[in-house]
Amino acid sequence: MLDRIGVKSLDDLYADVPAGFVYKGEYDLPDALSEQEVRDFFERLASKNTRLKVFAGAGSYDHYTPAVIPYIISRSEFLTAYTPYQCEISQGTLRYIFEYQSMICALTGMDVSNASMYDGPTAAAEAMRMAVASARKKNTVLLSRTLLPNVVKTVETYAKYYGTNIAYIEAEGGQTSLASLREAMACGDVAGAIVPSVNRFGIIEDLTGFAETLHEGKALLVEYCDPSALAVLRTPAEWGADVAVGDGQSLGIPMCFGGPYVGFMACTKEHMRKLPGRIVGETVDGQGRRAFVLTLQAREQHIRREKATSNICSNESLMALFVTVYTSLMGPQGLREVNEKSYAGAHLLHDMLLRTGKFEEVFDKPFLKEFVLKPLVDVKSLQSKLYEGGFFGALETEEGYVSFCVTEKRTRAEIEALVALAREA
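Below you will find a few notes about this structure.

Cut-offs and rules
- Residues numbered from 1 in each chain as written.
- Predicted model: local features only at pLDDT ≥ 70, side-chain atom pairs only at ≥ 80, totals over all residues.
- Heavy atoms only, no water.
- Disulfide = S-S within 2.5 Å.
- Phe/Tyr/Trp six-rings, centres within 6.5 Å; stacked < 30°, edge-to-face > 60°.
- Helix = DSSP H or I, 4+ residues; strand = E, 2+ residues; numbered from the N terminus.
- Buried < 20%, exposed > 50% of the residue type's maximum accessible area, 1.4 Å probe, protein only.
- Lys NZ or Arg CZ within 6 Å of the ring centre and 35° of its normal.
- Pairing = 2+ DSSP bridges.
- Expected span 1.5 Å × (residues − 1).
- Arc of directions from axis to C-beta.
- Lys, Arg positive; Asp, Glu negative; His and termini not counted.
- Salt bridge = Lys/Arg side-chain N within 4 Å of Asp/Glu carboxyl O.
- Polar contact = N/O pair within 3.5 Å; in protein donor to acceptor, adjacent residues only side chain to side chain.
- Contact = heavy atoms within 4.5 Å.
- Axes fitted to C-alpha atoms, helices over the stretch in contact; angles between N-to-C directions.

Take the state of the cysteines next. Counted by the stated rule, this structure contains zero disulfides. Left without a disulfide partner, Cys225 is nearest to the cysteine sulfur of Cys105, which lies 13 Å away.

What follows is the structure in structure tokens.
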């Protein structure tokens, strides 16, 4: 290799680096380990993690993962090329992306879905760009104050460097205010608004009148959703939304100490050519057999880069496969049962916590699996008590409330144990 590139030694590769910056000592590298020793090492490392029973949500949910998923997603027909530009050798990847898109459209009611995004917050940020691109001369996007904080921060960061103006729709009684939206629309520069389906307080939002108000002003309605909850809630399409975004983690992806996640993004047919990222389409090959190809790439980074809504071309493909397998295994009835059990557990915990006398109701509004209460005890002490008992919950909001979340994985015995610890706080 040295001979091929025309140098005599490895030192010659660094001839332009001042000698004072070149490390002369021995590298502190461990000796090689056998396979068993490597497994033992990582098992010891993993044992240092504290595994808690999760009663927290805030955009990341501890739903059940069917055991068959890891087996299916490791099959060779799906583990093909990273970027499936050569459709002849990437039919496995293209097929599952097509199925993923179809399932996202079924959940959201939208006409078109892309192949996925990095995570929910970045999908929301791309939707902001999409709204501005669709509105052309308008450069303000409205954010609901009830969106998750990480979603707001990500959109704000994108907006800063794209030169987009951000304004806010205030909350009233724990929900996005229609009156505030109408007031914000008066400036005339609004390209779109991003509002949640289920907000950061766990409340199911009533978006009556939002689409009409925005559409009258030639602006887009972007709905940030929990896709698992869409199995039982009104879809973005039913609310009249133009774009639906969110994080697919709630579709069975384990929490895994912070990731990975998978953002989804779908829209109506009218805005299809402004949708960033790749789209897989169905066609037939020369022999009339069903086949899949990348389509509508001109609006992405390949051909008209300077005119593209976004230059993003990557997607969380493995996680898109994960949620595709999960959704196909669960089916409509399975997803409904997940939400029914989560709903029952969350309302049981809510009522039992109130009966301890340690909490007060904040919002008397409908919720699905997540809710907030006003603590009458020190929050840090409450969190420590739960942690010592093996529970993760009582996340503190900026208002000083605490939030809890219950999924189908939590049992009645676990709920009662958490309540007993809260009573001692």
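Having seen the model, we can carry on.
Turning our attention to the packing of aromatic side chains. If you walk through the whole model with that rule in mind, you get 12 aromatic pairs. Arranged with centres 5.1 Å apart and planes meeting at 45°, the rings of Phe98 and Phe292 form a pair that is tilted. In this pair, Phe98 is assigned in helix α5 (residues 91-108) and Phe292 in strand β12 (residues 290-295), connecting sequence segments 194 residues apart. Considered together, Phe98 and Phe292 belong to a single accessibility category, that of buried residues. Aromatic pair Phe367 and Phe371: ring centres 5.4 Å apart, planes at 50°, arrangement tilted. Each member of the pair Phe367 and Phe371 is classed as buried. Through a chain of ring-to-ring contacts, the aromatic side chains of Phe359, Phe367, Phe371 and Phe404 assemble into a single cluster. Taking NZ or CZ as reference, Arg145 lies 4.1 Å from the ring centre of Tyr168, over its face. Lying across the ring of Tyr61, Lys369 places its NZ or CZ 4.2 Å from the centre.

In terms of burial, strand β9 (residues 243-247) is largely enclosed, as five of its five residues are buried. Neither face of β9 is open: one carries Val243, Val245 and Asp247, the other Ala244 and Gly246, and all of them are buried. Pairing analysis gives four bridges linking strand β8 (residues 220-225) to β9, with the strands arranged parallel. If you follow Cys225 over to β9, its bridge partner there is Gly246.

What follows concerns helix α7 (residues 149-162). The terminal C-alpha atoms of α7 lie 20 Å apart, and with 14 residues this matches the ideal 20 Å at 1.5 Å per residue to within 8%. Those residues of α7 not exposed but buried are Val151, Val152, Thr154, Val155 and Ala159. Buried positions in α7, seen along its axis, are confined to an arc of 165° and lie on one side of it. Exposed residues pointing more than 90 degrees away from the buried face of α7 are listed as Lys153, Lys160 and Tyr161.

Moving on, we get to the side chain of Glu408. Here Glu408 lies in the loop between β17 (402-405) and α13 (412-424). In this structure, Glu408 is buried with no salt-bridge partner, the nearest side chain bearing the opposite charge being Lys369 at 7.0 Å. Here the side chain of Glu408 touches His63 through a polar contact of 2.6 Å, side chain to side chain.

Quick look at the sheet that holds strand β13 (residues 359-361) now. Spatially, β13-β14-β17-β16 is the arrangement adopted by the four strands of the open sheet, whose pairing is antiparallel. The sheet terminates laterally at β13 and β16 (395-396), the two strands that pair on one side only. Of the strand pairs in this sheet, β16 and β17 are connected by two bridges, and their pairing is antiparallel. Residue pairing for β17: Leu395 is matched across the bridge by Ser403. Against the sheet, helix α11 (residues 317-355) touches β13, β14 (370-375) and β17, its axis set at about 10° to β14.

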